[in-house]
Amino acid sequence: MTIGIVGAGQLGRMLALAGYPLGLDFLFLDRSADVPAARLAPLLVGEFTDLALLRRLAKRSEVLSFDWENVSVAALRAATRGLRTRVSPPLRALATGQDRLAEKRLFERLKIPTTRHAPVSTRAGLERACARVGLPGILKTRRLGYDGKGQAVIRSRAGIAAAWNALGGAPLLYEELVDFELEVSALGVRARDGREALYPLTRNWHADGILRLSVAPWEAPALERQARAHLRAALRDFNYVGTLAIEFFVRDGRLIANELAPRVHNSGHWTIEGAVTSQFENHLRAIAGLPLGSAAARGHAAMVNLIGRMPPAGVVLAQQGVHLHDYGKSPRPGRKLGHCTLLAPTAAQRDRGTRHLLRRLALSLDGAP
Ligand code: AMP
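Predicted model, so just to flag it, every value in this text is computed and none were measured.

Caption draft 1: Representation of the site of the ligand within the structure. Residues in close proximity to the ligand total 15 residues, the closest being Lys140, Glu176, Val178, Glu183 and Glu259. In this structure, a nitrogen atom belonging to the ligand sits 3.1 Å away from a side-chain N or O atom of glutamate 175. The contact in question runs from an oxygen atom of the ligand to an N or O atom on the side chain of glutamate 183, over 2.6 Å. Protein contact buries 91% of the 470 Å² of open area that the ligand shows by itself. Class assignment of the residues belonging to the shell around the ligand gives a composition of five nonpolar, four polar and six charged. No fewer than three residues from each of domain 2 (116-176) and domain 3 (182-360) sit in the shell around the ligand.

Written out as structure tokens, the structure reads:
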């Protein structure tokens, strides 16, 4: 069976790495030939909106998926029209994940607590949104924002002009700045027959809007129960097939949904070594119509993103229990080039190992274990 994947970044690469043992074949589409999945599988090179190319990809694939959520929904729909090719996850989930306002509306409809927010399209509208939602707040582009890009914090009325000058013009969303205690994510997979596999709760640390560290299982039973209920509600509402992630802030012991990702997610990379079945394998099992594997943890994991420049492999691997993933990308400030995952038998050993690993990598993170 051939899985066609739109986008051939590190997520696509890790999907292929998980799929070959299952006997799956892959075909990717991306804008450049110099992409992480290109060393593993054949690649069509062209624009994500190139209908002829998308159609070629769809014709040669039994299932079409994506490793990037900003693929044009209209182009995917047109490319698969009249073909037997399935698209998984569903396009409605993709469309929701592309628009921060659509995400907020979904959360509200499913009674998943989220941030106070208001859509903004004009300068006067931003003034009104700041008055209604309150200050401080954060102005975000509704589309194409990731890793903290397309965001501006507004601390007081004096900051409104600068935020508007930076982002005005595109459709925007203004939301309260949450003074959170911590950030967590819920990850789960739903199969074609409706069966689900939900991973243990993951705690995340971000810096400058980019994920730096994830730790799982994050043992907080009450939060995990809430997070699972919210994730299940979204999986069922979409009649979802594949892996879905929802990121939450935690304030006063309660979850506040930030955003969702209709795909495998960076905060689930620990599942490669740390879970019985990884998020990548389970995504493929789901979209290929195979039974899901257990999402239970195999120990206590910590995942550190390698950003901007890769450390020498020997420095990472000299620490026992640490696994390295190098995506083969050229270095650039702020770019995710790889990650490493530490697996330990107990939470205390994991936390000690994480401190050691962060020191080896010369990284410091506020509040990290
Ligand atoms: P996002 O692109 O929305 O996932 O934002 C990336 C990161 O920026 C989040 O994980 C938070 O660390 C921070 N952030 C985003 N929105 C807010 C908010 N409303 N309040 C506080 N921090 C935020």
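Right, picking up where we left off after that structure.
Caption draft 2: Summary view of the domain arrangement of the protein. Examined at the domain level, the protein breaks down into domain 1 (2-87), domain 2 (116-176) and domain 3 (182-360). In this structure, domain 1 and domain 3 have C-alpha centres spaced 23 Å apart. Contacts between domain 1 and domain 3 engage 20 residues on the former and 20 residues on the latter. In this assembly, domain 1 packs against domain 3 so that about 1,800 Å² is buried in total across both faces, 68% of it on carbon and sulfur atoms. On inspection of domain 1 and its partner domain 3, the count reaches one salt bridge. Salt-bridge contacts for glutamate 69 lead to arginine 263; the nearest nitrogen and oxygen are separated by 2.4 Å. Between domain 1 and domain 3 we count four residue pairs in polar contact (both at pLDDT 80 or more) in total.

Caption draft 3: Main features of the environment of tyrosine 240. Turning to its location among the elements, tyrosine 240 is positioned in the loop between helix 8 (221-237) and strand 14 (242-251). Each C-alpha atom of the pair tyrosine 240 and proline 262 lies 9.0 Å from the other, and the pair is 22 residues apart in sequence. Residues in contact with tyrosine 240, not counting those within four places in the same chain, are Pro89, Pro90, Ala93, Arg190, Ala191, Leu235, Ala261, Pro262 and Arg263. Within polar-contact distance, the side chain of tyrosine 240 engages the backbone oxygen of proline 262 at 3.3 Å.

What counts, and at which threshold
- Residues numbered from 1 in each chain as written.
- Predicted model: local features only at pLDDT ≥ 70, side-chain atom pairs only at ≥ 80, totals over all residues.
- Heavy atoms only, no water.
- Near = heavy atom within 4 Å.
- Polar contact = N/O pair within 3.5 Å; in protein donor to acceptor, adjacent residues only side chain to side chain.
- Areas by Shrake-Rupley, 256 points an atom, 1.4 Å probe, with all protein chains shown as cover.
- Nonpolar A, V, L, I, M, F, W, Y, C, P; charged D, E, K, R; others polar.
- Domains from an automatic or database assignment.
- Contact = heavy atoms within 4.5 Å.
- Buried area = accessible area lost by both parts, 1.4 Å probe.
- Salt bridge = Lys/Arg side-chain N within 4 Å of Asp/Glu carboxyl O.
- Helix = DSSP H or I, 4+ residues; strand = E, 2+ residues; numbered from the N terminus.

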